[in-house]
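Each chain, letter by letter, is given below.
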Amino acid sequence: MSETTRNRLMLAIALVLAAIYLFPLYWMYITTLKSGSAMFATPPSFWPSDPQWSTYAYVWESRNLARYMWNSLVIAVGAVALITVLGTGCAYVLARYRNRWIDVGLFLILMLQVLPASLMITPIFVGFSQLGMLDYPRLSVIIAIAAKSMPFFVVLVRATFMSVPIELEEAALVDGNSRIGAFFNIVLPLARNGILVAAILIFMQAFGEFVYSKSMIQNADLQPASVGLNSFMGPNTNEWNNIMAFAAIYVTPILAAFVLLQRRIVSGLTSGALK
């Protein structure tokens, strides 16, 4: 098989896999434009004959989607800020000071990453209840998300710090910088891309968080969009066009951000921050 034929075959396989992966998204957007009868037509249509564009406006107003989106944004930004502030220093220490106890700490951090949110929610809920933190439900969710996502951030950013040569810090120390000064003036600027990539990935995860929000936030005015979408569910649910419209509005900003930042995300994951 020639190289040209092989490349064409790989491209064809990639296009088929992309079509399979993207078809659910396409079906979600198409369903938002269908009327009630068109949704249940047999065979199903792949493009509605009479697109119902008003579905988006109806869902936005009737479900107060702006409030849900704002709450999701507050929770996601709060979690990312907390994780970035606390996790950056932890990742730097694990990257620079290597010994047996550091390796044990890193192992424990990795173990925390494998615990599912459904398993952690019960002890977290009980502990927060005893401390009275459930009186501040969004803050409680932010802290819970930070505890769950911190291992991922630390491991990813640690790899970025390890790609920064330690000789640069040593040169800065010789020039009169303190250890803290070398960190902020030399290491942190070189690692900013890796930190940004990790923060973006955690933001995407936190923006769609459901388990902690559903368990801790009882006030509908403070619930994020993931919980608002779940409110559609019921034994006799048939508003699939409205459900899909809610989901489309909810996920489109995240999809757009991923598309716009995909090159930076890929470069940060594969090559680190050092050029």
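Every value quoted in this text rests on a predicted model; they were computed, and no experiment measured them. (Residues numbered from 1 in each chain as written. Predicted model: local features only at pLDDT ≥ 70, side-chain atom pairs only at ≥ 80, totals over all residues. Heavy atoms only, no water.)

## Focus: the pattern of salt bridges
Then, in step 1: Per the counting criterion, the structure on display carries three salt bridges.
Then, in step 2: When the shortest N-O distance is used, the salt bridge between R67 and D221 registers 3.0 Å. With R67 in helix α4 (residues 65-96) and D221 in the loop between α10 (211-216) and α11 (225-230), this residue pair connects regions lying 154 residues apart in the sequence.
Then, in step 3: Overall, D221 belongs to the partly exposed group, its relative accessible area being 44%.
Then, in step 4: Ionic pairing is found between E169 and R96, a salt bridge with its closest N-O pair at 2.3 Å. Of this pair, E169 sits in helix α8 (residues 166-174) while R96 sits in helix α4, and the two are 73 residues apart along the sequence.
Then, in step 5: Accessibility expressed as a relative area gives 0% for E169, which makes it buried. (Salt bridge = Lys/Arg side-chain N within 4 Å of Asp/Glu carboxyl O. Helix = DSSP H or I, 4+ residues; strand = E, 2+ residues; numbered from the N terminus. Buried < 20%, exposed > 50% of the residue type's maximum accessible area, 1.4 Å probe, protein only.)

## Digging into α4
Then, in step 1: Given a rise of 1.5 Å per residue, 32 residues ought to cover 46 Å, and the 46 Å separating the end C-alpha atoms of α4 matches this to within 8%.
Then, in step 2: Of all the bends in α4, the greatest measures close to 35° and is centred on G87. (Expected span 1.5 Å × (residues − 1). Bend = angle between axes of the 7 residues up to and from the residue.)

## Examining the nonpolar core
Considering soluble globular proteins, one finds that nonpolar side chains tend to be buried as a cluster.
Then, in step 1: Core analysis: the largest hydrophobic core is formed by 32 residues, its most contacted members being I124, V141, I145, Y212, M216 and F246.
Then, in step 2: Those elements that provide at least two residues to this core are α4, α6 (117-131), α7 (137-162), α9 (179-207), α10 and α12 (240-271).
Then, in step 3: Dropping the residues within four chain positions of it, F246 is found in contact with V59, R63, L65, Y68, A225, G228, L229 and F232.
Then, in step 4: One finds L94, A146, F183 and I202 within the second-largest nonpolar core, a separate group that totals 23 residues. (Core = buried A, V, L, I, M, F, W, Y, C linked by side-chain atoms within 4.5 Å. Contact = heavy atoms within 4.5 Å.)

## Looking at the packing of aromatic side chains
Then, in step 1: The final tally for this structure, using the stated rule, is eleven aromatic pairs.
Then, in step 2: Ring geometry for F23 and Y26: centres 6.2 Å apart, planes at 40°, overall tilted. Of the two residues, F23 and Y26 both sit in helix α1 (residues 3-32), three residues apart, roughly one turn of that helix.
Then, in step 3: You can call Y26 partly exposed: its relative accessible area is 35%.
Then, in step 4: An angle of 45° between the planes, with centres 6.0 Å apart, marks the rings of F161 and F183 as tilted. In this pair, F161 sits in helix α7 while F183 sits in helix α9, placing the two residues 22 residues apart along the sequence. (Phe/Tyr/Trp six-rings, centres within 6.5 Å; stacked < 30°, edge-to-face > 60°.)

## Remarks on the layout of surface pockets
Then, in step 1: Here the largest pocket is characterised by a volume of approximately 220 Å³.
Then, in step 2: Looking at the largest pocket, the residues that line it are Y21, L22, L25, L255, F258, V259 and Q262.
Then, in step 3: At the level of elements, α1 and α12 are the ones that each hand at least two residues to the lining of the largest pocket.
Then, in step 4: It is α12 that contributes the most residues to the lining of the largest pocket, four residues altogether.
Then, in step 5: Of the residues belonging to the lining of the largest pocket, the class tally is six nonpolar, one polar and no charged.
Then, in step 6: Per-domain counts for the lining of the largest pocket show at least three residues from each of domain 1 (1-51) and domain 2 (64-272). (1 Å grid on protein atoms, 1.4 Å probe; cavity = no way out; pocket = protein on both sides within 12 Å on 5 of 7 lines; lining within 4 Å. Points joined across faces, edges and corners; volume = space filled by probe spheres on them. Nonpolar A, V, L, I, M, F, W, Y, C, P; charged D, E, K, R; others polar. Domains from an automatic or database assignment.)

## Here's the deal with the domain arrangement of the protein
Then, in step 1: What the domain assignment lists for the protein is domain 1 (1-51) and domain 2 (64-272).
Then, in step 2: If you look at the interface, domain 1 gives eight residues, while domain 2 gives ten residues.
Then, in step 3: Its largest share of buried area at the contact with domain 2, domain 1 owes to M28, Y29 and T32, together 52% of the area lost on that side.
Then, in step 4: At the boundary of domain 1 and domain 2, one finds zero salt bridges.
Then, in step 5: The interface formed by domain 1 and domain 2 contains two residue pairs in polar contact (both at pLDDT 80 or more).
Then, in step 6: Ranked by residues supplied to the side of domain 1 that touches domain 2, first place goes to α1 with five residues.
Then, in step 7: Looking at the side of domain 1 that touches domain 2, its residues break down into five nonpolar, two polar and one charged. (Buried area = accessible area lost by both parts, 1.4 Å probe. Polar contact = N/O pair within 3.5 Å; in protein donor to acceptor, adjacent residues only side chain to side chain.)

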